[in-house]
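# Notes for the structure review
Here are the chains, one letter per residue:
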Amino acid sequence: MNSSNLSPSIFEHPIRIYWEDTDAGGIVFYANYLKFFERARTEWLRTLGFGQQALRDESGGMFVVSETAVKYHSPARLDDTLVVTAELQSGGKASLTIAQRAYLRTAGQTPTTDRLLAEGTIRLGWVNSTTLKPGRIPVAVLEALK
């Protein structure tokens, strides 16, 4: 689902906040944003025709996270609805850098009024799924990301 104010190259994925996502203070535990980012990246690849398990089975390789950077702006709370985005920032033959954001979507709001909660970059490397040695991202995946 892509909102009209975002570039068509920016993928959006909705996330509902449950008890399990919150800490003792009732706000989303900071590390859970990385899980939300992972879910959005996985669903983004799926919409491009690449399920993670099928990709691994067919190519013998997989993506691994090699670096993350996250900046937190505002907390999310129980029952909030978030929109988490994924967009290719840069890519090479063996790695990708994905820009991601988590926004609070409140009923009645338009995408232009969503509040930014967290943003970051995730660097992914491609490895052989058995040996974990670096490899080249399949050409079909690179083409789909363009």
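Relevant structure appears above.
Residues numbered from 1 in each chain as written. Predicted model: local features only at pLDDT ≥ 70, side-chain atom pairs only at ≥ 80, totals over all residues. Heavy atoms only, no water.

### Remarks on a nonpolar patch on the surface
Together, Phe29, Tyr30 and Tyr72 make up an exposed nonpolar region whose accessible area comes to about 320 Å². Mapped onto the fold, Tyr30 is located in the loop between strand 1 (11–16) and helix 1 (32–47). (Patch = residues over 30% accessible without salt bridge, like charges linked within 9 Å, V, L, I, M, F, W, Y side chains within 5 Å. Areas by Shrake-Rupley, 256 points an atom, 1.4 Å probe, with all protein chains shown as cover. Salt bridge = Lys/Arg side-chain N within 4 Å of Asp/Glu carboxyl O. Helix = DSSP H or I, 4+ residues; strand = E, 2+ residues; numbered from the N terminus.)

### Points about the packing of aromatic side chains
Each aromatic ring pair is summarised here by two numbers: the centre-to-centre distance and the angle between the ring planes. A complete count under the given rule lists 5 aromatic pairs for this structure. Ring plane angle 90° and centroid distance 6.4 Å describe the contact between Tyr30 and Tyr72, whose orientation is recorded as edge-to-face. In this pair, Tyr30 is assigned in the loop between strand 1 and helix 1 and Tyr72 in strand 2 (residues 61–72), connecting sequence segments 42 residues apart. Since its relative accessible area comes to 36%, Tyr72 is described here as partly exposed. Ring plane angle 75° and centroid distance 5.8 Å describe the contact between Tyr33 and Phe36, whose orientation is recorded as edge-to-face. Placement of the pair is Tyr33 and Phe36 together in helix 1, with a separation of 3 residues, close to one helical turn. Given a relative accessible area of 0%, Phe36 falls into the buried group. An aromatic cluster is defined as three or more aromatic residues linked by ring pairs; in this entry it consists of Phe29, Tyr30, Tyr33, Phe36 and Tyr72. (Phe/Tyr/Trp six-rings, centres within 6.5 Å; stacked < 30°, edge-to-face > 60°. Buried < 20%, exposed > 50% of the residue type's maximum accessible area, 1.4 Å probe, protein only.)

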